[in-house]
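What the coordinates show
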Amino acid sequence: MNKINNILKNKKCLKFICAAGNENIKEVEALSFVYAYSGFNMIDTAAKREVIQAAKRGIKRAEKSNTVAICVSIGLQSDIHLTKAVINRTKCDICENCINQCEQNAIFKEDEKIYIDEKKCIGCSNCISSCPNGAILKEHKYKSPCEMLLNVLSEDIDCIEFHCNSDNENLILETYSQIKSIYKGHTGVCLDRSKLGDDRIISLIKKMAQDNDNFIIQADGNPMSGKNDDYNSKIQTIAFADLIRKNNIPAFLIASGGTNSKTSEFAKLSGTAIDGVSIGSFARKLVKEEISVPDFFENKAAQESAIEKAKKLADTVLKYL
Ligand code: SF4
Ligand code: SF4
């Protein structure tokens, strides 16, 4: 609990997102090692015990177990972060277009059929637009948020993040209340404005923030869109964060969705006070080549190269926080 309390007190959260659907144990361990070592103070994982344990091993390898917190993502069925791609074989003509679009290497061809490795798929949707036949769909593959939470309660974790994009405010509030009755530690929420619009989402956030010390909001812009190191991808994120600040909601505010090395600088230039930045797609892609080598933990050159890039990212973001 001290780890998360220190992060909240210092108002400088630098979170690395493995992705709520990322169940690739080897990748999670390598990414957690690189980003914990390089100055990120929180690692966000899927709600699976083996994934949390992999993240912990990575943090331990980096010798940061006393300072780097683990945040576990759970979510509603309607939230994109908890969906995975599936192939409709009746429509697939095996053109292979989708294979190269997947940055998680989750799509492959075997025995003249296209498959998606469910454990590697993070639901980013990149493959969907590449399919000329509309043969790729998204499905929610997880249990309810509370069941997901109950399955990981035996792990020593530092906070829960509830991904709650839905147009059903009652469902969000009821589920959030159930989560808080199960888990007594810090519970943050991750949401964007796409389903509710400004007035309804502010009213919802105010209700969730009531009687909630250290309420954590991850203000999402365009989920899983941070591929390039530009300013454009994060405009939605900072606009939403600004809306939350202008409504005087007492919250620890983290920017996410389209985030990259320029996010904290952009927030500062916009006059929007944020307490942290979560980076997923951009950070994963940044070190993909290095962590993909088969012997990453024996390969000093690959480790050093990944750490050099990750440290540069961490230092740049922290400079403006
Ligand atoms: S491109 Fe994204 S959604 Fe499609 S299979 Fe790969 S990770 Fe999953
Ligand atoms: S792009 Fe569509 S049609 Fe082509 S291989 Fe992938 S799923 Fe099949």
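About the criteria used
- Residues numbered from 1 in each chain as written.
- Chains lettered and ligands numbered in written order.
- Predicted model: local features only at pLDDT ≥ 70, side-chain atom pairs only at ≥ 80, totals over all residues.
- Heavy atoms only, no water.
- Helix = DSSP H or I, 4+ residues; strand = E, 2+ residues; numbered from the N terminus.
- Rg over C-alpha atoms; globule rule 2.2 N^0.38 Å.
- Buried < 20%, exposed > 50% of the residue type's maximum accessible area, 1.4 Å probe, protein only.
- Contact = heavy atoms within 4.5 Å.
- Areas by Shrake-Rupley, 256 points an atom, 1.4 Å probe, with all protein chains shown as cover.
- Domains from an automatic or database assignment.
- Buried area = accessible area lost by both parts, 1.4 Å probe.
- Polar contact = N/O pair within 3.5 Å; in protein donor to acceptor, adjacent residues only side chain to side chain.

1. Describing the overall build of the protein chain
A count of helices and strands for the protein chain gives 12 helices and 12 strands. Here the C-alpha atoms of the protein chain give a radius of gyration of 19 Å, agreeing with the 20 Å that 2.2 N^0.38 yields for 321 residues. On the principal axes, the C-alpha backbone points of the protein chain span a range of 55 × 45 × 40 Å. Across the 321 residues of the protein chain, 53% fall into the buried class. The contacts of the protein chain with a sequence gap of at least 6 include a subset with a gap of at least 24, amounting to 77%. In the structure as shown, the protein chain presents an accessible area of about 14100 Å², 47% of it carried by carbon and sulfur atoms.

2. Brief notes about the domain arrangement of the protein chain
Its domain assignment divides the protein chain into domain 1 (2-77 + 143-319) and domain 2 (83-140). The centre of domain 1, based on its C-alpha atoms, is set 26 Å off from the matching centre of domain 2. Between domain 1 and domain 2, the residue contacts involve 15 residues of the former and 15 residues of the latter. Both faces combined, the contact of domain 1 with domain 2 buries some 1200 Å², and carbon together with sulfur accounts for 45% of it.

3. What to know about the environment of Glu161
Mapped onto the elements, Glu161 comes out in strand β8 (residues 159-163). The class of Glu161 is buried, set by a relative accessible area of 3%. Once the C-alpha coordinates of Glu161 and Thr45 are considered, the two residues, 116 residues apart in sequence, prove to be 9.7 Å apart. Once you skip the residues sitting within four places of it in the chain, Glu161 turns out to touch Lys15, Asp44, Cys71, Val72, Ser73, Ile74, Gly188, Val189, Cys190 and Gln218. A polar contact is formed between the side chain of Glu161 and the side chain of Gln218, at a distance of 3.2 Å.

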